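Listed below are the residues making up each chain.
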Amino acid sequence: MTCPETMSIGAFVLGALEASERLAVEEHLVTCTACRETLLQFAHLPGLLHAVPVEDIEAEQPEPAPLQLSKKRRPRWVLAAAAAASMAGVAGWGLLSAPASATWTATDGVGGLDTTAKLVSRGWGTDIQLRLTDLKPYEHCMLVVHGRDGTVETAGWWAANGSYHAQVPASTSLPLRDIDHLEVVDAGDTVLSTVSPTTR
């Protein structure tokens, strides 16, 4: 049975929710299997969106009607997510088995920020589950993925809720083997934390 709250999952993954809305979705995910499954299906979208030029999307689609969003939200994400989802397809989900994975940690972040990133290789790239502790409440952050070849992708955006902890689903089109390190960056472009296979 489909949960009506699944309509919010795409915006949740793309970091387009206010802190209070994000907290509500996080609490809902604890008890809703349908929404957790939807979350897994959408987790790769930030990485795919990075590879889709905005001008290409605008050329093929009419301008969407104005949405009731705050200035910090980006309405184009909704349109871009639909385009990226159609590109990715859903058929490949059941074809993957025993994916490669890694867990990277760092405890030397700005202000004592602790970061754990669980990375799982997928057919479309890498799924990333990010856990942060001692995060400044209401911090606006993004996850930046750095490839070994110099490639840089923004894998997720979010606004921390009122707590000192955050669990962030993110993704990148880069294969796990090609990722050099991850950075958590705040709205002022300050690197709050760096994680890689060599950090502790």
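About the thresholds
- Residues numbered from 1 in each chain as written.
- Predicted model: local features only at pLDDT ≥ 70, side-chain atom pairs only at ≥ 80, totals over all residues.
- Heavy atoms only, no water.
- Helix = DSSP H or I, 4+ residues; strand = E, 2+ residues; numbered from the N terminus.
- Buried < 20%, exposed > 50% of the residue type's maximum accessible area, 1.4 Å probe, protein only.
- Contact = heavy atoms within 4.5 Å.
- Areas by Shrake-Rupley, 256 points an atom, 1.4 Å probe, with all protein chains shown as cover.
- Core = buried A, V, L, I, M, F, W, Y, C linked by side-chain atoms within 4.5 Å.
- Pairing = 2+ DSSP bridges.
- Axes fitted to C-alpha atoms, helices over the stretch in contact; angles between N-to-C directions.
- Lys, Arg positive; Asp, Glu negative; His and termini not counted.
- Salt bridge = Lys/Arg side-chain N within 4 Å of Asp/Glu carboxyl O.
- Polar contact = N/O pair within 3.5 Å; in protein donor to acceptor, adjacent residues only side chain to side chain.

Novice: What should I look at first to understand the overall build of the protein chain in this one?
Specialist: On a plain count of helices and strands, the protein chain comes out with 6 helices and 8 strands. The secondary structure elements of the protein chain, listed N-terminal to C-terminal, are α-α-α-α-α-α-β-β-β-β-β-β-β-β. Taken over 200 residues, the protein chain has a buried fraction of 42%. In the protein chain, the share of contacts with a sequence separation of at least 24, taken over all contacts with a separation of at least 6, comes to 60%. Counting only carbon and sulfur atoms, one obtains 55% of the accessible surface of the protein chain, whose full area is about 10800 Å².

Novice: Could you clarify how one ought to interpret the nonpolar core in this entry?
Specialist: One broad trend across soluble globular proteins is that nonpolar side chains are buried collectively. The biggest cluster of nonpolar side chains holds 24 residues, and the ones touching the most others in it are L143, W158 and L182. Contributing elements (two or more residues each) for this core: β1 (101-106), β2 (114-122), β3 (125-133), β4 (140-147), β5 (152-159), β6 (165-172), β7 (179-186) and β8 (191-195). For L182, the contacting residues outside a window of four places in its chain are W104, A117, L119, I128, L143, V144, V145, S193, T194 and V195. If you look at the next biggest cluster of nonpolar residues, it comprises 10 residues, including V13, V25, L29 and C35.

Novice: Before we go on, may I ask you to explain the environment of H165 in this structure?
Specialist: Within the secondary structure, H165 sits in strand β6. Once the C-alpha coordinates of H165 and T133 are considered, the two residues, 32 residues apart in sequence, prove to be 4.5 Å apart. If near-sequence neighbours (up to four positions away) are discounted, H165 is found in contact with L132 and T133.

Novice: Help me understand the sheet that holds β3, please; the structure alone is not making it clear to me.
Specialist: The pairing of strands in a sheet comes from backbone hydrogen bonds and takes either a parallel or an antiparallel form. Read from one edge to the other, the open sheet built from 4 strands follows the order β1-β2-β3-β6, with strand pairing classed as antiparallel. Each edge of the open sheet carries a strand with a single partner, namely β1 and β6. Between one strand axis and the next, the sheet turns by 15° as a mean value, whatever way the strands run. The sheet contact formed by β3 and β6 spans 8 bridges and is antiparallel. Bridge assignment links D127 to a residue of β6, and that residue is S171.

Novice: Would you mind showing me how to read the sheet that holds β4 here?
Specialist: Pairing within the open sheet is antiparallel, and its 4 strands lie in the order β5-β4-β7-β8. Each of the sheet's edge strands pairs with one partner strand only, and the pair in question is β5 and β8. If you compare each strand with its neighbour and ignore which way they point, the axes differ by 20° on average. Where β4 and β5 come together, 7 bridges link them in antiparallel fashion. Its bridge partner lying in β5, L143 is registered against G156.

Novice: In this structure, what is going on with the side chain of E183? I would like to understand it.
Specialist: Take E183: it is sitting in strand β7. One buried charged residue, E183, remains without a salt bridge, the closest side chain of opposite sign being R148 at 14 Å. Polar contacts involving the side chain of E183 include one to the side chain of H146, which spans 3.0 Å. The residues contacting E183, other than those within four sequence positions of it, are M142, L143, V144, H146, V191, S193 and T194.

Worth remembering: the numbers are spatial, not functional.
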